[in-house]
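Here are the chains, one letter per residue:
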Amino acid sequence: MRNLLLASLAGLALAAWTGSAGAGFLSATRPVIAMLGPNLFVGDAEGNLDGAGTLAIHAQAAPSITCTGEFTSSAEAGGVGKLKCSDGATSTFKFQRLTIFSGQGRGAFGRGTMSFTYGLTLEESKPYLVVPAGKRLELRGNVVALVD
């Protein structure tokens, strides 16, 4: 019985490693806070063990505006990625890891600049985010908000 259990666990681990059954087993999801031009976006990034990952964010003020993208990264070189939004805007970006599960970056956005963090609290994120003059970021309950 013990050998059967060990064989099953080994099979699940191998399947997850090769990307078949158990997808996401060797990945981590972290929250994203982003400023795309003058607009606040929030969502999640999922990074895989190999440094590749995906990003899904939405505009805080208009959740129907969504953006998805892909990135690659390494501890030595940092990361690069591309983002495409439902309203047609696009972005290319670069980022640096701060820890294995957090980082910050900047990019060129179709309507201005992009600054973002992942895996950080709002307070930890503030030094890295470019917020429009006269505005500030704050937590309202568990929700990040851009306020006057």
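Residues numbered from 1 in each chain as written. Predicted model: local features only at pLDDT ≥ 70, side-chain atom pairs only at ≥ 80, totals over all residues. Heavy atoms only, no water.

### Quick notes on the pattern of salt bridges
Stated precisely, the cut-off is as follows: What makes a salt bridge here is a side-chain nitrogen of Lys or Arg within 4 Å of a carboxyl oxygen of Asp or Glu, nothing more. Helix numbering and strand numbering both begin at the N terminus, where a helix is a DSSP run of H or I of at least 4 residues and a strand a DSSP run of E of at least 2. Think of it in three bands: with a 1.4 Å probe and only protein chains considered, a residue is buried below 20% of the maximum accessible area for its type, exposed above 50%, and partly exposed in between.
Counted by the stated rule, this structure contains 5 salt bridges. For Lys135, the salt bridge identified is with Asp148, shortest N-O distance 2.8 Å. Of this pair, Lys135 sits in the loop between α2 (122-125) and β9 (136-140) while Asp148 is found in the segment after β10 (143-147), placing the two residues 13 residues apart along the sequence. The class of Lys135 is partly exposed, set by a relative accessible area of 37%. Taking relative accessible area as the criterion, Asp148 reaches 65% and is therefore assigned exposed. The shortest N-O distance in the salt bridge between Arg140 and Glu138 comes to 3.0 Å. The exposure class assigned to Glu138 is partly exposed, which follows from its relative accessible area of 22%. If you follow the salt bridges from partner to partner, you end up with Arg136, Glu138 and Arg140 in one network.

### What to know about the pairing of strand β2 (residues 39-48)
Test applied: DSSP calls a pair of strands paired once it identifies at least 2 bridges connecting them.
Two elements, strand β1 (residues 27-36) and β2, share 10 bridges in a ladder whose sense is antiparallel. Directly across from Val32, in β2, lies its bridge partner Gly43. A loop of 2 residues connects β1 with β2, the two strands running antiparallel in sequence, and Gly37 in this loop sits at a positive phi of about 60 degrees. In terms of strand pairing, β2 meets strand β3 (residues 52-59) through 7 bridges, oriented antiparallel. Within the sheet, the bridge partner assigned to Phe41 lies in β3 and is Ala59. What sits between the antiparallel neighbours β2 and β3 is a turn of 3 residues, in which Gly51 has the positive phi angle 95 degrees.

In short, shape yes, function no, at least from these values alone.
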